[in-house]
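As a plain string of letters, each chain reads:
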Amino acid sequence: MAQMMTGAYVWIENVEDPKVQEVAKFAVTEKNRRASWHLKYKCVVQEWTQVVCGINYKLIIEARHDGAVTKYEAAVYEDCNSEKQLHYLKPFKPILTGST
């Protein structure tokens, strides 16, 4: 992953990075668990990170539900002070497209 600066969100160009994939799959799995959804992870479209007392990840994820692919915005916090580096899912919501 790109070098991170403390406090500022940094856009991550390589969304195929294994860490980015791990965080995105965690977000989908955790949302499915918490909300009894049945999303199937497809890919990461965009990702930003912010170094604080841990790492905030902001992601745009594509996931499949009932045959349709939808984009979702997710935020995950990784506590770097924990031995297990626990992830905490923050907002996870569909991105509404099209307006009239």
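The present account deals with the structure reproduced in this document.

This part is about the overall build of the protein chain. Counting its secondary structure elements, the protein chain contains one helix and five strands. Along its sequence from the N terminus, the protein chain presents helices and strands in the succession β-α-β-β-β-β. Expected size for 100 residues packed as a compact globule is a radius of gyration near 13 Å; at 14 Å, the protein chain falls within 12% of this value. Considering only contacts within the protein chain whose residues lie at least 6 apart along the sequence, 44% involve residues at least 24 apart. Per element, the accessible surface of the protein chain, about 6300 Å² overall, is 52% carbon and sulfur.

Generally speaking, a soluble globular protein has its nonpolar side chains buried in company with each other. Grouped together as the largest cluster of nonpolar side chains are 19 residues, with contacts concentrated most on A27, L59, I61, V76 and F92. Elements that contribute at least two residues to this core include exactly helix 1 (18-35), strand 3 (54-65), strand 4 (68-78) and strand 5 (87-94). When residues no more than four places from it in sequence are discounted, the contact partners of F92 are A27, V28, K31, W37, L39, I61, Y72, E73 and A74.

Let's shift gears to the environment of A27. Summarising the element assignment, A27 is placed in helix 1. Judged by its relative accessible area of 0%, A27 is buried. The spacing of A27 and L59 is 32 residues in sequence and 9.2 Å in space, taken between C-alpha atoms.

Before going further, it helps to examine the pattern of salt bridges. Per the stated rule, a full pass over the model turns up five salt bridges. Where E22 meets K19, a salt bridge forms, and the shortest distance between an N and an O atom there is 3.6 Å. With E22 and K19 both in helix 1 and three residues apart, this pair spans about one turn of that helix. With a relative accessible area of 42%, E22 lands in the partly exposed category. The shortest N-O distance in the salt bridge between K19 and E78 comes to 2.7 Å. Placement of K19 in helix 1 and of E78 in strand 4 is noted, with a sequence separation of 59 residues between them. A relative accessible area of 2% means that E78 is categorised as buried.

For the rest of this paragraph, the subject is the sheet that holds strand 4. Backbone-to-backbone hydrogen bonds pair the strands of a sheet. The strands run either parallel or antiparallel. What the five strands build is an open sheet, ordered 1-2-3-4-5; its pairing is antiparallel. Edge positions in the sheet fall to strand 1 (9-11) and strand 5, since each of these pairs with one other strand and no more. When the angles between neighbouring strand axes are averaged without regard to direction, this sheet yields 25 degrees. Pairing of strand 2 (residues 40-52) with strand 3 involves eleven bridges; the strand directions are antiparallel. When the sheet's bridge partners are listed, V44 is paired in strand 3 with I61. Docked against the sheet, helix 1 engages strand 2, strand 3, strand 4 and strand 5, running at close to 75 degrees with respect to strand 5.

About the cut-offs
- Residues numbered from 1 in each chain as written.
- Predicted model: local features only at pLDDT ≥ 70, side-chain atom pairs only at ≥ 80, totals over all residues.
- Heavy atoms only, no water.
- Helix = DSSP H or I, 4+ residues; strand = E, 2+ residues; numbered from the N terminus.
- Rg over C-alpha atoms; globule rule 2.2 N^0.38 Å.
- Contact = heavy atoms within 4.5 Å.
- Areas by Shrake-Rupley, 256 points an atom, 1.4 Å probe, with all protein chains shown as cover.
- Core = buried A, V, L, I, M, F, W, Y, C linked by side-chain atoms within 4.5 Å.
- Buried < 20%, exposed > 50% of the residue type's maximum accessible area, 1.4 Å probe, protein only.
- Salt bridge = Lys/Arg side-chain N within 4 Å of Asp/Glu carboxyl O.
- Pairing = 2+ DSSP bridges.
- Axes fitted to C-alpha atoms, helices over the stretch in contact; angles between N-to-C directions.

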